[in-house]
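If you want the building blocks of each chain, they are given just below.
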Amino acid sequence: MPPTTKPLTVRQFFGRKGLLSEWHPSYEFRSGQLEMAEAVEGALREKKHLIVEAGTGTGKTLAYLVPAILSGKRVVISTGTKNLQEQLYFKDIPFLEQHLGPLRACYMKGRANYACRQKIYDAEKEPILEGLEEVADFRVIREWEKTTESGDRAEIKTLPESSSVWAKINARGELCTGQKCTQFERCFITKMHQVAQKSDIIIVNHHLFFADLAVKGGPVGGEAGGIIPDYGAVIFDEAHDIEDVAGQYFGVTVSSYQFDELARDVAALARRKNFGSKELDHTLTIAGDRAAQFFALFGAGDGRSAFRGQEAFLIRNEELYRDVLAALEIIALNLELVHAAPEEAIPLVHRAREIARRLQFWMESGERAYVYWIEKRGRGTFLQATPIDVSQLLDEKLFDAIDTAVLTSATLAVAGEFEFTKQRLGLRGARTLVVPSHFDYAAQALLYVPQSLPDRRSPAFVAAAAREIVEILTHSRGRAFVLFTSYQQMRQIYDRVSFEIPYQTLLQGTGPRNALLEEFRATPNAVLFATSSFWQGVDVPGEQLSCVIIDKLPFAVPSDPVVEARVAAIRNDGGDPFSTYQVPQAAIALKQGFGRLIRSRSDRGVLALLDNRITKTRYGQIFFDSLPHYAFTTNREDVEKFFER
Ligand code: SF4
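Here the structure is a predicted model, which means the values were calculated and not measured.

### So, the domain arrangement of the protein
In step 1: If you check the domain split of the protein, you get domain 1 (115-170), domain 2 (277-382) and domain 3 (441-644).
In step 2: Placing a centre on the C-alpha atoms of domain 1 and another on those of domain 3 gives a separation of 40 Å.

What follows is the structure, encoded as structure tokens:
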């Protein structure tokens, strides 16, 4: 079909006899899609902010993409995942281009997704590769680099997610010499910026968006200047994730890995440029020792814990702490004196001082707007400072600074209201809209809440829940996700259930997430046991996923340092954290988890919640009112009948 002139309004596009009805092979008129598109169109035109909850199956991607294109403004679209980013760029944009003609659109990812040409060329000359696997991966990358336009690693399908060679040649900023690099003109990052400058639609993900927003004058300093060009409006898809991602980038992290990587990169540069010396080796060894001693002060074992009493800690450990800062400064000074490769040493100088600056902030700033906490993961220790409340920061840096922000997701409203989202994100004056789903939930899904299970805190719960799960899986013939709120409970129940059912079971943690998902999709009647990382962004349409079982109402862990600080802050302000924060947050999380089941109009299945607080407490009604209108039962026989039908 030849390109058509652009439609003037979204009604001409999405209406019953609109352009979409002519173009789309499986077109169905969806009044919700038109309603959402008109709301986005209005917000862009009238310079308003808008929050839209659009149920699964609304067709929300086109409902914001088309008005964004028609607006004539430069619009940034930010997604929760790289998958959605790719779907927009490689599927939705080309579909529209077939009919509207070429669109000026691009996608941008974080620098670590792109190859650094200079590092690839250096790697050919210098012995940085270890083992046959790295040599084989490097060969693939080297050949691909000759022809790729984008330099985005997603193009190399065969490269493992955890490729160690990619970590050595990616374009992350810490080792980039910018305009001094001989490859600057051909650099994939330069090219990404140039394309973005000429684009009207820029597709990013939340991590890149907030990393960019934070460096454009973040709360605790940082380099000036972001990478996303100026824009007139932003649309957040999967907007329920914004608070967490913004908190991450408006916060400060300093980790033991940052010290290790700095020492490794300095040593590698010294080897490559022949400026190594005994003094430098000694400096790096001392810095490594001091950092190891310092991080050892925070104890062993995995987990997250609050860090209180900075002052007393500083008094006790002042000497060691000052030694660590001094070691970083000595590394920086050493590098400043290097004449062999000044342009390559400068990013390392900046990095050493940036680590020192973050550490000083964490140890000494005492800013009360932040919660200070420690995370131990594997061999790493992460010292974190997270803003307790991002609403003011978002208001100042984002919502006040641009004409239009549109936030959309299938899960933003609690019992039909947006108070929680507005309050958490500082978006008080926004317009709001709930677009009901296109699905017939009452016919397609049955919500089952068994009444006889013991209290979830009782020791008898695990055995009883495992028995109940076996019964449900027998009726559903596997084909299920069993989702847990804690890793420990997942393991305990998995150990009991996996031997009792004749279906293949998959357990989170036994393989990479995507590999587990692929296996689930490919294995008839499989059952996947998982925790929070499978509660969202997972799409398994069709019969293969016919049942989702959730162990508990997904309240955030109250002892988590960030949750604890947020709860305390609301209480200190005279608010009720349970009703204004904890219940709404859990209602949205439950809606996300159950949202895995019904992904198309032909899907059907059972949702089981093994936590009868939803039927026995007053606040339980808020959960019911937040979920789609599923059929409901407390009787397992109805589950059996549902699957027999
Ligand atoms: S400009 Fe930076 S990222 Fe680009 S090729 Fe050079 S060193 Fe690599």
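### Digging into the sheet that holds strand β8 (residues 370-377)
In step 1: Read from one edge of the open sheet, four strands run β6-β9-β8-β7, paired in antiparallel fashion. Among the strands making up the open sheet, the edge pair consists of β6 (252-255) and β7 (303-306). On average, each strand axis in the sheet is inclined to that of its neighbour by 20°, with strand direction left out of account.
In step 2: Both β7 and β8 contribute to a ladder of four bridges, which runs antiparallel. Note on β8: the bridge partner recorded for Ala306 is Trp373.

### Describing the site of the ligand
In step 1: Contacts to the ligand come from Arg111, Cys116, Arg117, Gln118, Ala171, Cys176, Gly178, Cys181, Gln183 and Cys187.
In step 2: Here the shell around the ligand is composed, by residue class, of five nonpolar, three polar and two charged.

### Here's the deal with the sheet that holds strand β3 (residues 105-107)
In step 1: Strands sit in the order β3-β4-β2-β5-β10-β1-β11 across an open sheet of seven strands; the sheet is parallel. In this open sheet, the two edge strands, each paired with only one partner strand, are β3 and β11 (431-435). Adjacent strand axes in the sheet meet at a mean angle of 15° when their direction is disregarded.
In step 2: Judged from the three bridges that link them, β3 and strand β4 (residues 201-205) form a sheet pairing that is parallel. Paired with Ala105 across the two strands is Ile201, which belongs to β4.

### Description of the packing of helix α10 (residues 206-215) against helix α11 (residues 242-250)
In step 1: At a minimum axis distance of 9 Å, the contact between α10 and α11 shows a crossing angle of 40°. On the basis of the axis angle, α10 is oblique to α11. Where α10 crosses over α11, the handedness of that crossing is right-handed. Across the interface between the two elements, His206, His207, Phe210, Ala211, Leu213 and Ala214 of α10 pack against Ile242, Val245, Ala246, Gln248, Tyr249 and Phe250 of α11.
In step 2: Considering only residue class, the contact of α10 with α11 consists of nine nonpolar, three polar and no charged.

### Remarks on helix α5 (residues 82-100)
In step 1: With 19 residues, α5 extends 25 Å between its outermost C-alpha atoms, agreeing within 8% with the 27 Å of an ideal straight helix rising 1.5 Å per residue.
In step 2: At Leu88, α5 shows its maximal kink, close to 35°.
In step 3: Residues of α5 that are buried: Leu84, Gln85, Leu88, Asp92, Ile93, Phe95, Leu96, His99 and Leu100.
In step 4: As for α5, its buried residues are in contact with α1 (10-14), α2 (19-23), α4 (60-70), β2 (75-79), β3 and β4.
In step 5: Phi turns positive one or two residues past the end of α5, at Gly101, with a value near 90°.

### A look at the pattern of salt bridges
In step 1: Evaluation of the coordinates by the stated rule reveals 41 salt bridges.
In step 2: Measuring nitrogen to oxygen at the nearest pair gives 2.5 Å for the salt bridge that ties Arg431 to Glu46. Pair noted here: Arg431 is in strand β11 and Glu46 is in helix α3 (residues 31-46), with a separation of 385 residues, a long-range link.
In step 3: Looking at Glu46, the relative accessible area reads 37%, which means it is partly exposed.
In step 4: A network of salt bridges, in which partner residues are shared, links Arg117, Glu124, Arg142 and Glu145.

About the criteria used
- Residues numbered from 1 in each chain as written.
- Predicted model: local features only at pLDDT ≥ 70, side-chain atom pairs only at ≥ 80, totals over all residues.
- Heavy atoms only, no water.
- Domains from an automatic or database assignment.
- Pairing = 2+ DSSP bridges.
- Helix = DSSP H or I, 4+ residues; strand = E, 2+ residues; numbered from the N terminus.
- Axes fitted to C-alpha atoms, helices over the stretch in contact; angles between N-to-C directions.
- Near = heavy atom within 4 Å.
- Nonpolar A, V, L, I, M, F, W, Y, C, P; charged D, E, K, R; others polar.
- Parallel < 35°, antiparallel > 145°, perpendicular 65-115°, else oblique.
- Left-handed = near helix turned anticlockwise from the far one by under 90°.
- Contact = heavy atoms within 4.5 Å.
- Expected span 1.5 Å × (residues − 1).
- Bend = angle between axes of the 7 residues up to and from the residue.
- Buried < 20%, exposed > 50% of the residue type's maximum accessible area, 1.4 Å probe, protein only.
- Salt bridge = Lys/Arg side-chain N within 4 Å of Asp/Glu carboxyl O.

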